[in-house]
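# Descriptive structure summary
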Amino acid sequence: MTITEENTSHTALVVGATGIGGSALTDQLVAEGWQVLALARRPGRERDGVRWIPTDLRSAAALRESLAPEHPTHVFFTAWSRQETEQGNIEVNGGMVRDLLAALDHAPVEHVALVTGLKHYLGPFESYGQGPIPETPFREDEPRLDAPNFYYAQEDELFAAAARNGFTWSVHRSHTVIGHAVGNAMNMGLTLAVYASICRELGLPFVFPGSETQWNGLTDMTDATILADQMVWAATNPQGADEAFNVVNGDVFRWRSMWPAIAAYFGVEPVGPGAEPAPLEQQMVGMDDTWTRIAQEHRLAEPDLTRLASWWHTDADLGRQIEVVADISKSRIAGFTTHHRTVDSFTDLFDRYRAERLIPNV
């Protein structure tokens, strides 16, 4: 989409605007001439075309107060809050969608786009990949699993509000989103960049932390810019209305080829999986002070390792004992054709992190 007079009449509310998906989406909307209301717990950087709305998504009262004067035409929901149990995930994350859309009952909302993920097909964290799951590649018309899942709760709240208020909707099921964000709970791109930087600094091998299944099997990923582009496309094209879409880069790869490519970028020695996985949560024990030292020596922007690396999430993705690939033909047939090579997604992201001095430029 290009900047037009029609775009300037659109106001987007981006929920979770400081996250990986929300940041990329905000960038795209601003570039296309939208007015953006950026909702997050804390405001991000000031920029033209963006007005920050700091509020608590978990408080219905705070949402009503913050959104009462706002009149967005399009809503993009990219946020979530991890809880200790799936029932907690359902209550909190389903409640956030419900309360946010209720707080917008007065607004001229035309479309709401919701980001979920492939746990729609794999099940929640508590039973991830256990029991019957669909065959790969996952397709959008697969029935829901017979298990509690906060993605289902979010969808149901979206459907109920759409029926009540008459807006169209779209659901975007992403797989391991990589993109630019700091302080995000699930950020494989920055996690691997920090891990490789530590390995280079200490002269350690770059050991794959996952399973042989992931090392040898086919997989795919989602560049945050692809996710953003698909959301905007669905929100502004009739073919995207009232549909759920898988969203991935469009290529497939094996980690046994990707891992050496990432290692070559950082100048470290790639090592494949051993007989047992070597999770990053184990490999990186005690590295907080090491990172602080690296940050001081290289004058990096963020000395706090916990704000950069999400070891647990990368371990969970790379430690899976099942193949995970998503079919994207539904959106292709509908007219969404944006495509990325995943190796380019990684290297472009690493370049940006170096330029912003989040990792050493060596």
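In what follows, the accompanying structure is described.

Helices and strands together make up the secondary structure of the protein chain, namely 15 helices and 13 strands. By the compact-globule yardstick of 21 Å for 362 residues, the protein chain fits well, its C-alpha radius of gyration being 20 Å. Each principal axis of the C-alpha atoms in the protein chain carries an extent, and together these give about 60 × 45 × 40 Å. Looking at the protein chain as a whole, 55% of its 362 residues qualify as buried.

Turning next to the pairing of strand S1 (residues 11–15). The buried count for S1 comes to five of five residues, which makes it a mostly enclosed element. Here S1 shows a buried face lined by Thr 11, Leu 13 and Val 15 and a second buried face lined by Ala 12 and Val 14. With helix H2 (residues 20–31) bridging S1 and the parallel strand S2 (residues 35–40), this β-α-β connection has right-handed handedness. Pairing of S1 with strand S4 (residues 74–77), which is carried by four bridges, proceeds in the parallel orientation. Bridge assignment links Val 14 to a residue of S4, and that residue is Phe 76.

In this section: the sheet that holds strand S5 (residues 111–117). One open sheet accounts for seven strands, arranged S3-S2-S1-S4-S5-S6-S11; its pairing is parallel. Edge positions in the open sheet fall to strand S3 (50–54) and strand S11 (243–247), since each of these has one partner strand only. Strand-to-strand twist in this sheet, taken as the mean axis angle between neighbours without regard to direction, amounts to 20°. Bridging between S5 and strand S6 (residues 168–174) involves seven bridges; their strand directions are parallel. Residue Val 112 lies in a different strand from S6, and its bridge partner there is Trp 169. This element, helix H3 (residues 60–67), spans S1, S2 and S3 of the sheet and lies at about 150° to S3. Along the sheet face, helix H6 (residues 150–165) touches S4, S5 and S6 and points at about 170° away from the line of S5.

Across soluble globular proteins, nonpolar side chains show a tendency to be buried alongside one another. In this structure, Trp 255, Trp 291 and Phe 346 are the most contacted members of the largest nonpolar core, which totals 42 residues. Breaking this core down by element, the ones donating at least two residues are helix H7 (188–202), strand S8 (206–207), helix H10 (255–266), helix H12 (288–298), helix H13 (311–318) and helix H15 (342–355). Per-element tally for this core: the top contributor is H7, with nine residues. Apart from the residues lying within four places of it in its own chain, the contact partners of Trp 255 are Met 188, Leu 192, Phe 208, Gln 214, Trp 215, Gly 217, Thr 219, Met 221, Pro 260, Ile 262, Leu 318 and Phe 346. The next biggest cluster of nonpolar side chains, apart from the first, holds 31 residues, and it includes Ala 12, Ile 20, Leu 25 and Val 232.

Residue Pro 137 is bonded to the preceding Thr 136 through a cis peptide linkage, with omega at -5°. Assignment of secondary structure puts Pro 137 in the loop between helix H5 (119–122) and H6. At Thr 176, a position not held by glycine, the phi torsion is positive, near 50°. Tracing the sequence through the fold places Thr 176 in the loop between S6 and strand S7 (177–178). Of note in this structure, Arg 357 is not a glycine but carries a positive phi near 60°.

Basis of the calculations
- For every chain, the first residue of the written sequence is number 1, and numbering continues from 1 along that sequence.
- Two thresholds apply to this predicted model, a pLDDT of at least 70 for residue-level local features and 80 or more for giving and counting side-chain atom pairs, whereas whole-chain, interface and lining totals are computed over all residues.
- Only heavy atoms go into the side-chain values, all of them from the structure, while hydrogens and water stay out.
- Here a helix means four or more residues in a row that DSSP labels H or I, a strand means two or more in a row labelled E, and each is numbered from the N terminus.
- Two things to know: the radius of gyration comes from C-alpha atoms, and the globule rule equals 2.2 Å times the number of residues to the power 0.38.
- Think of it in three bands: with a 1.4 Å probe and only protein chains considered, a residue is buried below 20% of the maximum accessible area for its type, exposed above 50%, and partly exposed in between.
- Here the term right-handed applies to a crossover when the path leading from its first strand over the helix to its second strand runs clockwise, the strands being oriented away from the viewer.
- Strand pairing is assigned whenever DSSP detects at least two bridges linking the two strands.
- Whenever a helix is involved, its axis is fitted only over the stretch in contact; in every case the axis is a line through C-alpha atoms, and angles between N-to-C directions fall within 0 to 180 degrees.
- A contact between two residues is defined here by any heavy atoms of the two lying within 4.5 Å.
- Nonpolar core, defined: a set of buried Ala, Val, Leu, Ile, Met, Phe, Trp, Tyr and Cys residues in which side-chain atoms within 4.5 Å join the residues together.

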